[in-house]
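In case you want the letters, here they are:
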Amino acid sequence: MSARADSVRRYFFAVTAQQYSRALTWTLIAPLLVLLLAAFVWPIVKFLSLSVLDPSPTLAHFAEIFDRTFYWTILLRTFRTGLIVTVMALLLGYPVAYLMANVRGLWAAAIAAIVILPLWISILVRTFVWFIFLGRTGLINKAAMGLGIVDQPMRLINTEVAVWLAMTQILLPVMILPIYASLRAIPPELGKAAEGLGASKAGVFRHVILPLSLPGVAAGAVLVFIMSLGFFITPMLIGGPRSMMIATLITEQATKFLDWPEAAALSTILMVITLAIVIVFNRALRLDRVMGSGA
Amino acid sequence: MNAISTDMVATGAPVAIRGLEKRYGAVVAVHQVDLEVKAGEFVALLGPSGSGKTTILMTIAGFETPTAGSIGIGGRDVTVLPPNRRNIGMVFQRYALFPHMTVAENIGFPLRMRKIGGAEARTRVEAALAMVRLEGYGDRRTSQLSGGQQQRVALARALVYNPPLLLMDEPLGALDKNLREEMQLEIKRLQQRVGATVVYVTHDQSEALTMADRIAVMDGGRIQQYGPPREIYDSPSNAFVAGFIGETNFIDGHVAGGAKPVFAVDGSEQKVALEASGAPREGPSRLAIRPELIRLGDPAGSELSGTVEEMIYGGGTVACHVRVGNGAVVMARVPAADAIGVRLGDRAGLVWQADRAKVFPR
Ligand SMILES: Nc1ncnc2c1ncn2[C@@H]1O[C@H](COP(=O)(O)OP(=O)(O)OP(=O)(O)O)[C@@H](O)[C@H]1O
Ligand SMILES: [Mg+2]
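Below is a short write-up of the structure. (Residues numbered from 1 in each chain as written. Chains lettered and ligands numbered in written order. Predicted model: local features only at pLDDT ≥ 70, side-chain atom pairs only at ≥ 80, totals over all residues. Heavy atoms only, no water.)

## Some details on the packing of helix H6 (residues 123-134) of chain A against helix H8 (residues 160-184) of chain A
For any two helices packed against each other, one specifies the crossing angle of their axes together with the interaxial distance.
Residue and element names in this part refer to chain A.
Item 1. Closest axis-to-axis distance for the H6/H8 pair is 10 Å, and the angle between their directions is 135°. Taken together, the axes of H6 and H8 are oblique relative to one another. Handedness of the crossing formed by H6 with H8: right-handed. On H8, the residues touching Ile123, Arg126, Thr127, Trp130 and Leu134 of H6 are Ala162, Leu165, Ala166, Gln169 and Ile170. (Axes fitted to C-alpha atoms, helices over the stretch in contact; angles between N-to-C directions. Helix = DSSP H or I, 4+ residues; strand = E, 2+ residues; numbered from the N terminus. Parallel < 35°, antiparallel > 145°, perpendicular 65-115°, else oblique. Left-handed = near helix turned anticlockwise from the far one by under 90°. Contact = heavy atoms within 4.5 Å.)

## Some words on the pairing of strand E1 (residues 15-24) of chain B
All names here are of chain B.
Item 1. Burial runs high along E1: seven of the ten residues are buried.
Item 2. As paired strands, E1 and strand E2 (residues 27-37) are joined by seven bridges and run antiparallel to one another. Across the sheet, the residue bridging to tyrosine 24 is valine 27, located in E2.
Item 3. Hairpin connection, E1 to E2: the antiparallel pair is bridged by two residues, and glycine 25 has positive phi, about 60°.
Item 4. Inspection of the sheet shows E1 paired to strand E4 (residues 68-73) by five bridges, in the antiparallel sense. Considered in E4, the bridge of alanine 16 is made with glycine 72. (Buried < 20%, exposed > 50% of the residue type's maximum accessible area, 1.4 Å probe, protein only. Pairing = 2+ DSSP bridges.)

## Some points on the nonpolar core
Item 1. Judged by nonpolar contacts, the single largest core of 122 residues is most densely connected at B:Ile17, B:Ile56, B:Met90, B:Ile107, B:Phe109 and B:Leu167.
Item 2. The leading source of residues in this core is H8(A), at 13 residues.
Item 3. Sequence-distant contacts of B:Ile107, that is, excluding residues within four places in its chain, are made with B:Val125, B:Ala128, B:Leu129, B:Val153, B:Ala156, B:Arg157 and B:Val160.
Item 4. Within the second largest apolar cluster, 24 residues are counted, among which are B:Val255, B:Val265, B:Ile289 and B:Val334. (Core = buried A, V, L, I, M, F, W, Y, C linked by side-chain atoms within 4.5 Å.)

## What about the side chain of B:Asn238?
Residue and element names in this part refer to chain B.
Item 1. Mapped onto the elements of the fold, asparagine 238 is located in the loop between helix H7 (229-234) and helix H8 (239-244).
Item 2. There is a polar contact of 3.1 Å between the side chain of asparagine 238 and the side chain of glutamine 224.
Item 3. Apart from the residues within four sequence positions on either side, asparagine 238 is in contact with Gln224 and Phe360. (Polar contact = N/O pair within 3.5 Å; in protein donor to acceptor, adjacent residues only side chain to side chain.)

## Thoughts on the interface of chain B and chain A
Item 1. Tallying the contact residues gives 23 residues for chain B and 22 residues for chain A.
Item 2. Between chain B and chain A, the buried area comes to about 2000 Å², and carbon and sulfur atoms account for 63% of it.
Item 3. The largest per-residue losses of area from chain B upon contact with chain A belong to B:Asn84, B:His100 and B:Arg112, which jointly make up 29% of the total buried on that side.
Item 4. The interface formed by chain B and chain A includes one salt bridge.
Item 5. Applying the counting rule to chain B against chain A returns five residue pairs in polar contact (both at pLDDT 80 or more).
Item 6. Mapped by element, the contributors of at least two residues to the side of chain B that touches chain A are helix H2 (103-113) and helix H4 (147-159) of chain B.
Item 7. By residue number, the principal contributor to the side of chain B that touches chain A is H2(B), which donates five residues. (Buried area = accessible area lost by both parts, 1.4 Å probe. Salt bridge = Lys/Arg side-chain N within 4 Å of Asp/Glu carboxyl O.)

Written out as structure tokens, the structure reads:
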């Protein structure tokens with residue numbers, strides 16, 4: 001092979017056995033990049049720009065939002081719901097992930113199936129399941145009346161609590177899986193070392209397992225939080241109009257009132273606040289890791 | 001502050017293992033093991049892979065519960081005590097340093113678990129760092145250290161609270177040869193300084209021979225021989241130990257004759273006189289002789305002789321492979337000067353002191 005052909009190959013294909021050349025890397029990424037730009041980034045930019053460009057450059061749409069306390073109530077409710085759902089999913093999900101990471105064989109498979117199978121069922125179905133529990137003639141009301149605890153069916157559906165429960169249940173796998181992955185990545189001899197050095201089982205968990213699983217907790221929490229902010233079907237069906245969340249509001253603005261600039265302004269606000277929270281969260285966590293678990 | 005806190009003198013605890021047995025389902029990992037370790041003694045568990053070394057260590061540490069038998073540390077029966085209550089120091093093959101803690105936090109971990117904090121903990125951590133010659137590394141992250149440094153941190157962490165018993169499972173297995181030899185001396189030096197009892201698992205015989213006061217040679221879940229390195233090397237008590245430690249020639253044959261026993265080599269007419277006092281049993285046996293104990297002699301005047309098949313030059317010595325019968329090739333490691341003039345295909349006599357050969361039943 002000629003020296004020139006050789007240098008072209010080297011330029012285009014591989015720098016070393018472990019690393020492709022820059023040219024090849026970009027060539028391989030390009031199709032996806034083009035698709036993302038054309039079908040995702042551009043429409044979003046176009047849509048969001050409506051909030052300040054329609055009909056001419058203006059901040060009127062934002063001003064309108066700031067004026068309406070109704071919007072603020074919904075925004076606040078959205079973030080409150082996100083926070084509560086994240087905390088509930090964490091409290092329920094961590095023990096499951098821990099169990100999953102620490103059992104073997106059939107049990108591990110069974111738990112994994114319970115966690116993952118619901119992901120294959122549509123969110124709509126998983127939402128409607130809650131009617132069977134919480135509806136006027138649902139299981140809980142029937143049981144409570146049968147036992148004589150109440151004599152009128154309680155209003156369980158169309159409450160914020162019902163939304164929290166349903167969303168937590170739906171988002172639980174998203175919390176469990178990253179935590180499970182980070183727990184499995186902890187070398188088992190670390191626990192043994194800690195125990196051999198004098199830590200009790202609780203001490204091993206507190207000082208070794210928990211801190212080392214925090215990246216998984218962070219990933220799960222951020223995912224659940226962000227996904228819950230955009231939840232649409234579940235709050236609409238289970239929460240009803242009195243528990244409206246921002247995704248429903250945006251949809252109504254766009255489809256019912258055909259006020260696209262207003263919908264764009266709301267979307268922008270949602271996006272900015274979400275990004276800010278994620279960045280702050282990331283910062284806090286990284287700092288925590290650098291400082292270790294401290295004394 | 002406590003006056004004794006900075007000096008690292010601990011007294012070792014004796015270890016007594018009696019009738020230890022460990023099964024995993026149908027697999028018997030350890031069979032009826034008895035092992036006494038004196039206070040301050042350095043004992044190596046040496047054996048091939050799967051021989052049960054780690055299992056024994058883990059039952060001493062408390063991570064495995066024996067199927068039968070008992071473990072005593074410092075005169076106290078600890079068979080059912082959890083690991084964190086046994087007051088042991090542990091060092092693992094892959095260091096097992098906590099990646100989310102700095103070097104100093106790692107070393108301070110056992111102190112924290114014992115509710116020792118503040119100035120005393122700091123002084124002790126500093127002393128432990130100095131002991132493994134890593135002064136000034138306290139604030140580093142463990143990932144910023146070389147393998148040898150990480151293992152020294154693991155050692156400091158295990159020694160910082162003066163445990164009377166230190167357990168190590170192939171602590172140098174992940175290091176390269178030079179570093180390993182350096183660390184062997186360092187560990188030995190530290191152990192002598194702090195006086196702790198050490199049980200040390202290795203499958204590297206030179207490591208065991210260099211470091212240990214006594215070696216327990218293991219195979220198939222049993223202790224094959226337990227004694228000082230010299231005794232293990234010079235008087236192996238069975239063919240496994242003779243073959244596992246150092247280089248050994250095995251010659252198959254039969255022992256015959258009462259008062260003046262001889263060893264008849266299978267597949268040849270040759271006979272070798274044996275030491276009568278060893279009183280080897282008559283019948284099929286196996287003779288073991290170390291290559292460096294054999295000299296080359298005049299084929300006519302020697303009891304055993306054969307054809308030189310191979311000569312491998314090794315600096316100061318030459319390894320001569322001599323075929324003495326149908327099946328048996330004996331290797332003699334002789335000074336290079338003695339091999340001058342010996343050619344491939346020559347006949348050579350093989351001579352050794354009768355009492356240096358061991359005969360084991362077959
Ligand atoms: N948890 C377990 N389950 C089943 N069998 C096991 C288990 N742990 C060890 N064994 C078996 O017990 C025997 C002894 O194992 P052990 O780990 O003590 O060997 P070892 O001497 O430390 O070997 P190595 O030098 O490879 O570390 C082996 O046959 C092994 O397969
Ligand atoms: Mg082992």
